[in-house]
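Geometric and topological summary
Spelled out, the chains give:
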Amino acid sequence: MTNAFEPITIGATTAANRVFMAPMTRNRATLDGVPTELMTEYYTQRAGAGLVITEGIQPSRVGQGYIATPGLHNAEQTAAWRTLTNAVHAAGSTIFAQIMHAGRIGHPLLTGFTPVAPSAVRAPGGTHTAEGRKDNVVPRELTEDEILQTVADHVAAARNALEAGFDGVELHAANGYLLQQFLSDNVNLRTDRWGGSVENRIRFPVEVVKAVAAAVGPERVALRISPGNTDLGIVENDPAELYTALLNALSDLPLAYVHMRETGERDLTLKVRAAWAGPLVLNPLYDEHAPHEALAEVLEGGIADAVALARPYLANPDLIARIRTEGPYNTADPKTFYGGDAQGYTDYPSITSA
Ligand SMILES: Cc1cc2nc3c(=O)[nH]c(=O)nc-3n(C[C@H](O)[C@H](O)[C@H](O)COP(=O)(O)O)c2cc1C
């Protein structure tokens, strides 16, 4: 048997088990980015997870990439999150806020601003706005001052997160959003100190992590990465070199954890793992019909200290109980992933109510 059900210390808090809920954008906040009662119900249903990691939360209006995603950049949002974190804590779990600046993903019709990025390189695809789906636009290249302001926006959002009762923040450097855009070879074409060499391309994520850690304490800070992930048109020519450099640059910081999303070869995962001596949470590639097998492989194999699962938690509010019995599992319905109401959100049955 694995140690999936043994507690684990993550920075300043202890998670009751090692089956974490991975971050999932569900687009059910208000158009002003305020979390709702329905969101509280959804997260509380899933409080069997040792750690609940929220959906991506924008640290500023310009950092919003999708409609009806929540923010942590004003008092109203922060107060509403407080209700939600209280409920998750009362249900026995811990909760980190994922801070996500979408960078070049977004639209002026969504935020009133042209999206920003390391360089003016348009992303493939589009995003939903109040006027329907629109193609992504050519983003504006951030100036030096704006880069520093964006670091400060992450710090302010992290402070708000702690004020709202979160146990910590997970900084989103994965899946093609702003921090990974800086890391990439194709969206970061800068020739100043923020682009070019590996040392320069890791600078922005490193500065964000360091500044947030200095503000709220490194034990309350985590980093999510997805080495080699090509989502949203990202190109990384040498992910092993890039992420080894990134993690080496952070090695002095006792972060709560690094969270790696695996999208390719296990060999790359092992190389990245070797570069990080602190706690590693892995969101592995696995057979979605048998998440318990992923736990056994990753935890017994010593590949990571905890596992994060996304779609199994989306579809199974009582995933922990189902993992103990190795199933059965509900299947996630992609039609209700992004936006809508309680349907496909809080109405997945648990074993006792099935
Ligand atoms: C509906 C949905 C929304 C997602 N939103 C986010 C997000 O906001 N932040 C993030 O880092 N990853 C996000 N992801 C990626 C997941 O965290 C996870 O990496 C991916 O689904 C693979 O894990 P799984 O096979 O356990 O589902 C999302 C995935 C899904 C299915």
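Residues numbered from 1 in each chain as written. Predicted model: local features only at pLDDT ≥ 70, side-chain atom pairs only at ≥ 80, totals over all residues. Heavy atoms only, no water.

**Observations concerning empty space enclosed by the protein**
Within the structure shown, the criterion is met by one cavity of 30 Å³ or more. What lines the largest cavity is Thr25, Gly56, Ile57, Gln58, Gly63, Gln64, Gly65, Tyr66, Thr69 and Met100. (1 Å grid on protein atoms, 1.4 Å probe; cavity = no way out; pocket = protein on both sides within 12 Å on 5 of 7 lines; lining within 4 Å. Points joined across faces, edges and corners; volume = space filled by probe spheres on them.)

**Brief notes about the side chain of Ser226**
Among the structural elements, Ser226 can be located in the loop between strand S11 (221-225) and helix H8 (239-249). A distance of 2.8 Å separates the side chain of Ser226 from the backbone nitrogen of Asn175, its partner in a polar contact. The residues touching Ser226, leaving out its near neighbours within four places in the chain, are Ala173, Ala174, Asn175, Gln180, Glu236, Tyr243 and Arg261. (Helix = DSSP H or I, 4+ residues; strand = E, 2+ residues; numbered from the N terminus. Polar contact = N/O pair within 3.5 Å; in protein donor to acceptor, adjacent residues only side chain to side chain. Contact = heavy atoms within 4.5 Å.)

**Structural notes on the site of the ligand**
Near the ligand you find 18 residues, and of these Thr25, Arg224, Asn283, Tyr286 and Arg311 are the closest. Arg224 has a polar side-chain atom sitting 2.7 Å from an oxygen atom of the ligand. Side-chain polar atom of Asn283 to an oxygen atom of the ligand: 2.5 Å apart, as the coordinates give it. Burial of the ligand by the protein chains amounts to 91% of its free accessible area of 610 Å². For the ligand, the cavity whose grid points lie within 2 Å of the majority of its atoms is the largest pocket. Among the residues forming the shell around the ligand, the class breakdown is nine nonpolar, six polar and three charged. (Near = heavy atom within 4 Å. Areas by Shrake-Rupley, 256 points an atom, 1.4 Å probe, with all protein chains shown as cover. Sits in = over half its atoms within 2 Å of the grid points. Nonpolar A, V, L, I, M, F, W, Y, C, P; charged D, E, K, R; others polar.)

**Some points on the pattern of salt bridges**
Under the counting rule described, the total for this entry stands at 12 salt bridges. For Arg190, the salt bridge goes to Glu141, with nearest N and O atoms at 3.9 Å. Within this pair, whereas Arg190 is found in the loop between helix H5 (178-183) and helix H6 (198-201), its partner Glu141 is found in strand S9 (residues 140-141), the two being separated by 49 residues in sequence. What makes Arg190 buried here is its relative accessible area of 7%. With a relative accessible area of 41%, Glu141 lands in the partly exposed category. For Arg201, the salt bridge goes to Asp185, with nearest N and O atoms at 3.5 Å. Here Arg201, found in helix H6, pairs with Asp185, found in the loop between H5 and H6; they are 16 residues apart in sequence, far enough to count as distant. (Salt bridge = Lys/Arg side-chain N within 4 Å of Asp/Glu carboxyl O. Buried < 20%, exposed > 50% of the residue type's maximum accessible area, 1.4 Å probe, protein only.)

**Quick word on unusual backbone geometry**
Geometrically, the link from Gly327 to Pro328 is a cis peptide bond, its omega value of 0° lying close to zero. Within the fold, Pro328 resides in the segment after helix H12 (319-324). Of note, Asn175 is a non-glycine position whose phi angle comes to about 60°, a positive value. Tracing the backbone through its elements, the reader meets Asn175 in the loop between strand S10 (168-173) and H5. Residue Leu232 is not a glycine yet carries a positive backbone phi of 60°.

**Side note on the layout of surface pockets**
Each pocket or cavity is described by its volume, and for the largest pocket that value is around 950 Å³. For the largest pocket, the lining is made up of 35 residues, of which Pro23, Asn175, Asp231, Arg261 and Tyr338 are closest to its centre. Among the elements of the structure, strand S7 (126-129) and helix H11 (311-315) are those that each provide at least two residues to the lining of the largest pocket. Across the lining of the largest pocket, the residue classes break down as 16 nonpolar, 12 polar and seven charged. Of the voids in this model, the second largest pocket is the one considered here, and its volume is about 190 Å³. Taken together, 13 residues line the second largest pocket, and the ones lying closest to its centre are Glu288, His289, Asn330, Thr331 and Ala332. Element by element, the count of residues in the lining of the second largest pocket is highest for H11, at three residues. Of the residues belonging to the lining of the second largest pocket, the class tally is seven nonpolar, four polar and two charged.

**Some words on the pairing of strand S4 (residues 51-57)**
Of all seven residues making up S4, seven are buried, and the element is well covered by its neighbours. Bridge count for S4 against strand S5 (residues 94-99) is five bridges, and the pairing is parallel. By the bridge assignment, Gly56 is partnered in S5 with Gln98. What joins S4 to S5 is helix H2 (residues 75-90), and the crossover it makes is right-handed. (Pairing = 2+ DSSP bridges. Right-handed = clockwise from strand over helix to strand, strands pointing away.)

Everything listed here is a matter of coordinates, which is why it stays silent on function.
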